[in-house]
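Now for the letters of each chain:
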Amino acid sequence: MAIPRLSLLPNNEHNSDNYEDLELEFSSSLLRSLERYLPPEILTANREEKAKFMSDILHKYISREECAKAIRFKNYREWIMSNYQPRFRELYKLDPESLLLPCFRKAVRENTEESFRRIMFEPFPGVYVFEMFQPDFFQKLLVEVENMRKWLHEAKLMIRKPNNKSKYGVVLDDFGMDIMLKPLVEDFIFPICKVFFPQVCGTMFDTQHGFVIENCEDRDAELGFHVENSDITLNVCLSKQSEGGEILFTGTRCNKHLKAGPKPEEIFEYCHEPGQAILHLGCHSHGAKAAITSCSRANMILWCINSLFREMQTYDNEFRDWCGQCAREMKEKKSQSLASKRKVKKRKKDMILLKFIRCFV
C-alpha cells in the first residue's frame, strides 16, 4: 500500500483547522501551515489524525530535544505575557497616527519608488536611511525595555538573548510586542522592501524578530563584523551619547562566501544618528567601529525573514547577484571565457595567415 506523502503545491483554498486546544509538541501555527500540503486522503481526516500524521513527518526533521526546547520557550513567553504589566500599553498595538511620522505614512500610502525616495537617502548602494517614528516613541520604548529587564530580574527569570552575543538585549516578541511589530512589518516595511529588495522579500515576510540592544562600557561590548540571521534588517537608533561607534559596512555575502574579506569598493562607514532607521540586507556584513571616547548606544533591531527565499537559495548555488563575492566570481569567469575565446580566434587567424604565406613560398 502506498505511503501518503505531502503534496508539492499547497491547497490555498483549504481552511486549516486550529490545534491550539490539543496537547502537541508542535505549535498550532506550524501545523496550520503544513496542513495545506496534506494529500487529499489525509486532508479530509479529523484533527487528531491530521495532527498525528504531520507530527510524524516533522519528527523526521526535528529532534525531541528541539521540540522540548520549543515547548519551554512557549511556556516562558506565555507566563511573561500573562504576568507582566506594561509601562506604556500604547506600544503594544499599532496605531500608525500616533506611532509613525505623517511623511512616512504618506510615502507608504502612495507606495512608489518616487514617494519612498522623497523621505530617504541612499548613502551607499543597498543601504537606505530614513525617519519613521514619532519623537516620543524612542524614550517610551527605552523606559519600557528597562521596565522589562527590571521585572525579569525581580521575577528571577532569565533574559532570553536576542542573538548569541548580546547579554543585555531584550526580545520584544517575548513580552507580546510582536502584536505591534507584525503589522508594522507587513503594512509599512514590506512595501519599501518590495521596491528596493524584490529578489529577497517575495510575496510577504513570514517571520519577524524584534529586539533592543544596548552597547556601552558596563553592558554589551560592540559587536564585531557579522551578517545577521535575517533577509532584511531594520536598525533604528533609539539613543546615542558621545561620539564614535559608527557602523562600518563591508559588503554583501552569501553563506558560501561568509569568510571572504571585503574589497576597498565595498567598505562604507556611516554615523547612525538617533531617530534614524537604516534598512539593509541581512547578509550585508557590518560592525560598529571602536569608539575613541566612551560611547553608549541603544538600537531597536527588526529582522524580517522570508522562508521561501531561503529555500530557493538551496537551488541557486553560485553567482547570486546580491552577493559581492559571487558578482566578482561571475565577472572573473566571464573575463576568462572572453580571454579564452580571443585566444582561439587569434589562433585561427594565425593559421589562416600561415596557410596564405605558404601558398606563395
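Quick notes on the rules
- Residues numbered from 1 in each chain as written.
- Predicted model: local features only at pLDDT ≥ 70, side-chain atom pairs only at ≥ 80, totals over all residues.
- Heavy atoms only, no water.
- UniProt positions renumbered as here; feature names shortened; annotations may be inferred.
- Pairing = 2+ DSSP bridges.
- Helix = DSSP H or I, 4+ residues; strand = E, 2+ residues; numbered from the N terminus.
- Axes fitted to C-alpha atoms, helices over the stretch in contact; angles between N-to-C directions.
- Expected span 1.5 Å × (residues − 1).
- Buried < 20%, exposed > 50% of the residue type's maximum accessible area, 1.4 Å probe, protein only.
- Contact = heavy atoms within 4.5 Å.
- Core = buried A, V, L, I, M, F, W, Y, C linked by side-chain atoms within 4.5 Å.
- Phe/Tyr/Trp six-rings, centres within 6.5 Å; stacked < 30°, edge-to-face > 60°.

Looking at an unreviewed UniProt entry, one finds the chain named Prolyl 4-hydroxylase alpha subunit and attributed to Arabidopsis suecica. Reading the Cofactor (unreviewed entry) entry of the UniProt record for the chain gives the comment "L-ascorbate".

All right, on to the sheet that holds strand β9 (residues 284–288) then. The 3 strands lie next to each other as β7-β6-β9, forming an open sheet whose pairing is antiparallel. Only two strands of the sheet have a single partner each, and these edge strands are β7 (267–270) and β9. Strand-to-strand, the axes of this sheet are offset by a mean angle of 25°, without reference to chain direction. Inspection of the sheet shows strand β6 (residues 247–252) paired to β9 by 4 bridges, in the antiparallel sense. For F249, the partnering residue across the bridge sits in β9 and is H286.

Further remarks concern the pairing of strand β1 (residues 120–124). Examined bridge by bridge, β1 and strand β2 (residues 127–131) share 3 bridges and lie antiparallel to one another. For M120, the partnering residue across the bridge sits in β2 and is F130. The hairpin turn running from β1 into β2, its antiparallel successor, is 2 residues long, and G126 in that turn takes a positive phi close to 85°.

Its 20 residues give helix α4 (residues 64–83) an end-to-end C-alpha distance of 29 Å, which sits within 8% of 28 Å, the value for a rise of 1.5 Å per residue. Residues of α4 that are buried include every one of C67, Y76, R77 and I80, and no others. Along its buried surface, α4 packs onto α3 (47–59), α8 (135–154) and α9 (178–196).

Right, let's talk about the nonpolar core for a bit. Residues F104, M132, F133, L141, L184, L238 and L279 are the most contacted members of the largest nonpolar core, which totals 60 residues. For this core, the element with the most residues is α9, which contributes 10 residues. In contact with L141, not counting residues within four places along its chain, are L91, L172, M177, V212, L238 and M300.

Okay, α8 next. In this model, α8 (20 residues) spans 30 Å end to end at C-alpha, consistent with the 28 Å of a helix rising 1.5 Å per residue. All of the buried residues along α8 are F137, F138, L141, L142, E144, V145, M148, R149, W151 and L152. Of the surrounding secondary structure, the elements contacted by the buried residues of α8 are α4, α5 (96–99), β3 (170–171), β4 (207–215), β5 (232–241) and β10 (296–305). Of the residues trailing α8, K156 is marked for its positive phi of about 55°.

Bringing the sheet that holds β4 into the picture now. Taking strand neighbours across the sheet as the criterion, the 7 strands line up as β1-β2-β8-β5-β10-β4-β3 in an open arrangement whose pairing is antiparallel. Both edges of this open sheet fall to β1 and β3, since each of them pairs with a single strand only.

To continue, consider the packing of aromatic side chains. A full pass over the atoms with the stated rule returns 17 aromatic pairs. With a centroid separation of 6.3 Å and 85° between ring planes, the pair formed by F133 and F138 is classed as edge-to-face. Looking at F133, the relative accessible area reads 3%, which means it is buried. What makes F138 buried here is its relative accessible area of 10%. Put simply, the rings of F121, F124, F249, F268 and Y270 touch in pairs and so form one group of aromatic residues.

Inspection of the secondary structure assignment puts S28 in helix α1 (residues 28–35). Ignoring sequence-local partners within four residues, the contact set of S28 consists of N18, Y19 and E20.

With that out of the way, let us pick up unusual backbone geometry. Its identity as a non-glycine residue notwithstanding, N111 has a phi of 55°, on the positive side. Mapped onto the secondary structure, N111 falls in the loop between α6 (102–110) and α7 (113–119). Of the residues examined, N111 reaches a relative accessible area of 41% and is grouped as partly exposed. The backbone of K156 shows a phi angle near 55°, a positive value even though the residue is not glycine. Among the secondary structure elements, K156 is positioned in the loop between α8 and β3. K156 gets classed as exposed once you look at its relative accessible area, which sits at 78%.

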